[in-house]
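# Structural overview
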Amino acid sequence: MKISHTSPDIPLSTQAGVQENCAHGVRVQRQVTEPTSSARHNSIRRQLNLSNPDFNIQQLQKQEQLTGIGRIKPELYKQRSLDNDDGRRSNSKACGKLNFILKYDCDLEQLIVKIHKAVNLPAKDFSGTSDPYVKIYLLPDRKTKHQTKVHRKTLNPVFDEVFLFPVPYNDLEARKLHFSVYDFDRFSRHDLIGQVVVDHFLDLADFPRECILWKDIEYVTNDKVDLGELMFSLCYLPTAGRLTITIIKARNLKAMDITGASDPYVKVSLMCDGRRLKKRKTSTKRNTLNPVYNEAIVFDVPPENIDQIHLSIAVMDYDRVGHNEIIGVCQVGNEAERLGRDHWSEMLSYPRKPIAHWHSLVEKR
């Protein structure tokens, strides 16, 4: 193919003293993305051992034995199971529970989040189980993303993983923790089981000391994960072997920066048999969630090869210092799903005519 080169409550006096110590002498610290290598986990353990010697799983297990926190009581779930005999087929607003621990380290200015376990997750696989894992953000920043390991074939996974979010104490009031529980799928898009959102950290009992929390996992579908939409047109000229995709505009993009905005640009890749043959990108639009581009990208594709290729489109958030982050993706071609396939077929049915559609963005698999 020829391709062109184009616990008990803390006394108020004590609690106020702790918060005052956190609030004074605050150092401004830029939030950065934590590395994903095993070295990061070792570093986390060292920091916790040095500055938080009592923050460990043995303490958690001891507390559960003494207080009963974390002990599942079937009678609490009996009514739900009677009303909805199968979480997969119902519109239940809860899909199990998530157990996690929050603590703020005033010396390091870090929010410490330990994801302990989840219970009573809905079965997403034919085997009657799921392969769950959890993604976690400290909103509104979405560039710092943490993720647990995948636990195979279980509805009651025990994660016991600790994550750190550098954040000044005075900024906590405006931040939210967002947990997304997913079912891993090797061959298709991962299913979103549900989510947990935690805010108003300063109102939590014992905070900034260690807080053990149980939260319902709220039902939500992948379709409700709003990453925004992208409008573009496709046009193919068989006689010239020219494929043109015009990136028109995007709307309601997901905010990736702490400012509540993004710096989006669009990257288009020409794909064949899983290989990227060519890529092009648009200009970057600063500080907006509704960018307008009106930029055409042209690929030379002979008519005999048009059925062998597809376009992979990614809306990216530009970062001057760190790595550019993917806001969402979509694709068009014979191998695409639903609208992506229909848009491609319509383009081939009406050669030389630009065909435009809005495409919903999804998370990259």
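All values reported here derive from a predicted model rather than from experimental measurement.

### Comments concerning the overall build of the protein chain
Counting its secondary structure elements, the protein chain contains five helices and 16 strands. Counting the 365 residues in the protein chain, one finds 46% classified as buried. Total accessible area computed for the protein chain in this model is approximately 19200 Å², and 48% of it derives from carbon and sulfur atoms.

### Focus on the side chain of His-359
You can see His-359 is positioned in strand S16 (residues 355-360). With near-sequence residues (within four places) excluded, His-359 lies in contact with Gly-228, Glu-229, Leu-230, Phe-232, Cys-330, Val-332, Leu-339, Gly-340 and His-343.

### Topic: a positive patch on the surface
On the surface, Arg-276, Lys-279, Lys-281 and Lys-364 cluster together into a patch of positive charge. Along the chain, Arg-276 turns up in strand S12 (residues 275-281). Accessibility expressed as a relative area gives 46% for Arg-276, which makes it partly exposed.

### Quick word on the confidence of the model for the protein chain
Scored by pLDDT, the protein chain comes out at a mean of 78, with 71% of its residues at no less than 70. Below pLDDT 50 for its whole length, residues 43-54 participates in 17 contacts with residues either more than four positions away or in separate chains. Scored below 50 in pLDDT, residues 66-70 makes seven contacts in the model with residues more than four places away or belonging to other chains.

### Focus: the packing of aromatic side chains
Counting across every chain of the model gives four aromatic pairs. Here Phe-100 and Phe-179 contribute two aromatic rings whose centre-to-centre distance is 4.6 Å and whose plane-to-plane angle is 35 degrees, an arrangement assigned as tilted. Placement of the pair is Phe-100 in strand S1 (residues 94-105) and Phe-179 in strand S6 (residues 176-183), with a sequence separation of 79 residues. The residues Phe-100 and Phe-179 share a single accessibility class, namely buried. Ring centres 5.5 Å apart and planes at 15 degrees place the aromatic pair Tyr-133 and Tyr-182 in the stacked group. Residue Tyr-133 is found in strand S3 (residues 132-139), and its partner Tyr-182 is found in strand S6; the two are separated by 49 residues along the sequence. For the pair Tyr-133 and Tyr-182, a shared accessibility class is recorded, and that class is buried. One Lys or Arg, Lys-135, reaches over the ring of Tyr-182 and ends 5.0 Å from the middle of that ring.

### Quick notes on the environment of Pro-208
Take Pro-208: it is sitting in the loop between strand S7 (191-198) and strand S8 (211-219). Sequence spacing of Pro-208 and Tyr-104 is 104 residues, and the spatial spacing of their C-alpha atoms is 4.9 Å.

### Comments concerning the nonpolar core
The tendency in soluble globular proteins is for nonpolar side chains to be buried as a group. Grouped together as the largest cluster of nonpolar side chains are 31 residues, with contacts concentrated most on Leu-102, Leu-111, Leu-177, Phe-179, Phe-201 and Phe-207. Listed by contribution, the elements that provide at least two residues to this core are S1, strand S2 (110-119), S3, strand S5 (158-166), S6, S7 and S8. In terms of residues, this core owes the most to one element, S1, which gives five residues. Those residues within four positions of Leu-102 in sequence are excluded, and the remaining contacts are Ile-112, Val-113, Leu-177, Val-198, Phe-201, Leu-204, Arg-209, Glu-210, Cys-211 and Leu-213.

### Regarding the sheet that holds strand S14 (residues 309-317)
Pairing in this open sheet of four strands is antiparallel, and the strands run S12-S11-S14-S15 from one edge to the other. Edge positions in the sheet fall to S12 and strand S15 (325-333), since each has one partner strand and no second. Each strand axis lies, on average, 25 degrees off the axis of its neighbour in the sheet, ignoring direction. Two strands pair when backbone bridges link them, and S14 and S15 are joined in this way by eight bridges, in the antiparallel orientation. Paired with Leu-311 across the strands is Val-332, a residue of S15. Contacting S14 and S15, helix H5 (residues 339-349) crosses the sheet at an angle of about 50 degrees to S15.

### Considerations on the sheet that holds strand S13 (residues 292-300)
Spatially, the four strands line up as an open sheet ordered S13-S10-S9-S16, and their pairing is antiparallel. Strands with a single pairing partner mark the edges of an open sheet, and in this sheet they are S13 and S16. For this sheet, the mean inter-axis angle between neighbouring strands, taken without regard to orientation, is 25 degrees. Bridge count for strand S9 (residues 229-237) against S16 is six bridges, and the pairing is antiparallel. Considered in S16, the bridge of Phe-232 is made with His-357. Those strands touched by H5 are S9, strand S10 (242-251) and S16, and its axis lies near 175 degrees from that of S16.

### A look at the pattern of salt bridges
In the structure shown here, the tally under the stated rule is four salt bridges. A salt bridge links Asp-216 to Lys-97, with the shortest nitrogen-to-oxygen separation between them at 2.8 Å. Here Lys-97 lies in strand S1 and Asp-216 lies in strand S8, a separation of 119 residues in the sequence. On the basis of relative accessibility, which here comes to 30%, the residue Asp-216 falls in the partly exposed class. Salt-bridge contacts for Arg-251 lead to Glu-229; the nearest nitrogen and oxygen are separated by 2.7 Å. One end of the pair, Arg-251, is in strand S10; the other, Glu-229, is in strand S9, with 22 residues separating them in the sequence.

### Quick look at unusual backbone geometry
In the segment running from Phe-207 into Pro-208, the intervening peptide bond is cis, with an omega of 15 degrees. Of note, Asn-120 is a non-glycine position whose phi angle comes to about 55 degrees, a positive value. For Asn-120, the location among the structural elements is in the loop between S2 and S3. Since its relative accessible area comes to 36%, Asn-120 is described here as partly exposed. Notably, Lys-153 is not glycine yet its phi reads approximately 50 degrees, a positive angle.

The rules behind the values
Residues numbered from 1 in each chain as written. Predicted model: local features only at pLDDT ≥ 70, side-chain atom pairs only at ≥ 80, totals over all residues. Heavy atoms only, no water. Helix = DSSP H or I, 4+ residues; strand = E, 2+ residues; numbered from the N terminus. Buried < 20%, exposed > 50% of the residue type's maximum accessible area, 1.4 Å probe, protein only. Areas by Shrake-Rupley, 256 points an atom, 1.4 Å probe, with all protein chains shown as cover. Contact = heavy atoms within 4.5 Å. Patch = residues over 30% accessible without salt bridge, like charges linked within 9 Å, V, L, I, M, F, W, Y side chains within 5 Å. Salt bridge = Lys/Arg side-chain N within 4 Å of Asp/Glu carboxyl O. Lys, Arg positive; Asp, Glu negative; His and termini not counted. Charge placed at Lys NZ, Arg CZ, Asp CG, Glu CD. pLDDT = per-residue confidence, 0-100. Phe/Tyr/Trp six-rings, centres within 6.5 Å; stacked < 30°, edge-to-face > 60°. Lys NZ or Arg CZ within 6 Å of the ring centre and 35° of its normal. Core = buried A, V, L, I, M, F, W, Y, C linked by side-chain atoms within 4.5 Å. Pairing = 2+ DSSP bridges. Axes fitted to C-alpha atoms, helices over the stretch in contact; angles between N-to-C directions.

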